[in-house]
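# Working through the structure, step by step
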Amino acid sequence: MMKIDEILEYLPHRYPFLLVDRVTEVEKGVSIKGYKNVSFNEPFFTGHFPDNPIMPGVLIIEAMAQLSGILGFVTVERKPSDGVIQYLAGSSKVRFKRPVLPGDRLDMEARFVSGKRGIWKFDCRALVDGEVVCVAEILTAEREV
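Residues numbered from 1 in each chain as written. Predicted model: local features only at pLDDT ≥ 70, side-chain atom pairs only at ≥ 80, totals over all residues. Heavy atoms only, no water.

### Here's the deal with the UniProt feature "active site" (unreviewed entry) in the protein chain
This chain's UniProt record puts "active site" (unreviewed entry) on His 48. Assignment of secondary structure puts His 48 in the loop between β2 (31-37) and α2 (57-76). Exposure remark for His 48: the relative accessible area of 22% places this residue in the partly exposed category. When sequence neighbours within four positions are dropped, the list of residues in contact with His 48 reads Pro 53, Ile 54, Met 55 and Pro 56. (UniProt positions renumbered as here; feature names shortened; annotations may be inferred. Helix = DSSP H or I, 4+ residues; strand = E, 2+ residues; numbered from the N terminus. Buried < 20%, exposed > 50% of the residue type's maximum accessible area, 1.4 Å probe, protein only. Contact = heavy atoms within 4.5 Å.)

### Let's talk about the sheet that holds strand β3 (residues 84-96)
Read from one edge to the other, the open sheet built from six strands follows the order β1-β2-β4-β5-β6-β3, with strand pairing classed as antiparallel. Looking along the sheet, the strands with just one partner apiece sit at the ends: β1 (22-27) and β3. Neighbour-to-neighbour, the strand axes of this sheet turn through a mean angle of 20°, independent of strand direction. In this structure, β2 lies alongside strand β4 (residues 105-116), joined through seven bridges in antiparallel fashion. Of the residues in β4, the one forming a bridge with Ile 32 is Ala 110. Along the sheet face, α2 touches β1, β2, β3, β4, β5 (119-128) and β6 (131-144) and points at about 135° away from the line of β3. (Pairing = 2+ DSSP bridges. Axes fitted to C-alpha atoms, helices over the stretch in contact; angles between N-to-C directions.)

### Some thoughts on the pattern of salt bridges
Within this structure, the stated rule accounts for 10 salt bridges. Glu 131 is the partner of Arg 98 in a salt bridge, and the nearest nitrogen-oxygen pair spans 3.6 Å. Highlighted residues: Arg 98 in the loop between β3 and β4 and Glu 131 in strand β6, separated in sequence by 33 residues. Residue Glu 131 is classed as partly exposed on the basis of its relative accessible area, which comes to 42%. (Salt bridge = Lys/Arg side-chain N within 4 Å of Asp/Glu carboxyl O.)

Structure, rendered in structure tokens:
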């Protein structure tokens with residue numbers, strides 16, 4: 001399990017764009033699970049949408065990509081402090097099943113599919129209360145900074 005202090009070692013993101021609150025399981029080179037607590041105080045709810053707040057789908061994808069990036073870093077035993085970063089390189093097969101609302105806990109899972117020359121592919125899904133809200137195939141790219 002990783003709490004926020006360790007997550008901050010693996011992700012260069014900071015408020016308001018850090019979208020992983022906790023990593024609950026990680027198996028190097030295989031899979032990772034974590035979550036984001038979705039609070040009504042999130043800055044995006046001000047405009048998306050004021051009378052019907054829902055978490056933007058692109059941020060759900062970003063949250064899954066951040067979790068996938070942690071798995072990529074753990075797998076190669078590197079961190080941003082080593083002068084590398086995991087960029088979101090692509091997404092495909094994205095499907096949204098239902099909205100994510102204030103007060104939800106966005107549980108996320110990523111499973112390593114393949115990797116070649118610093119490009120990593122992950123099968124991801126996000127759930128709320130055990131119900132799938134989004135599935136996607138995420139690509140990340142490790143690059144020197």
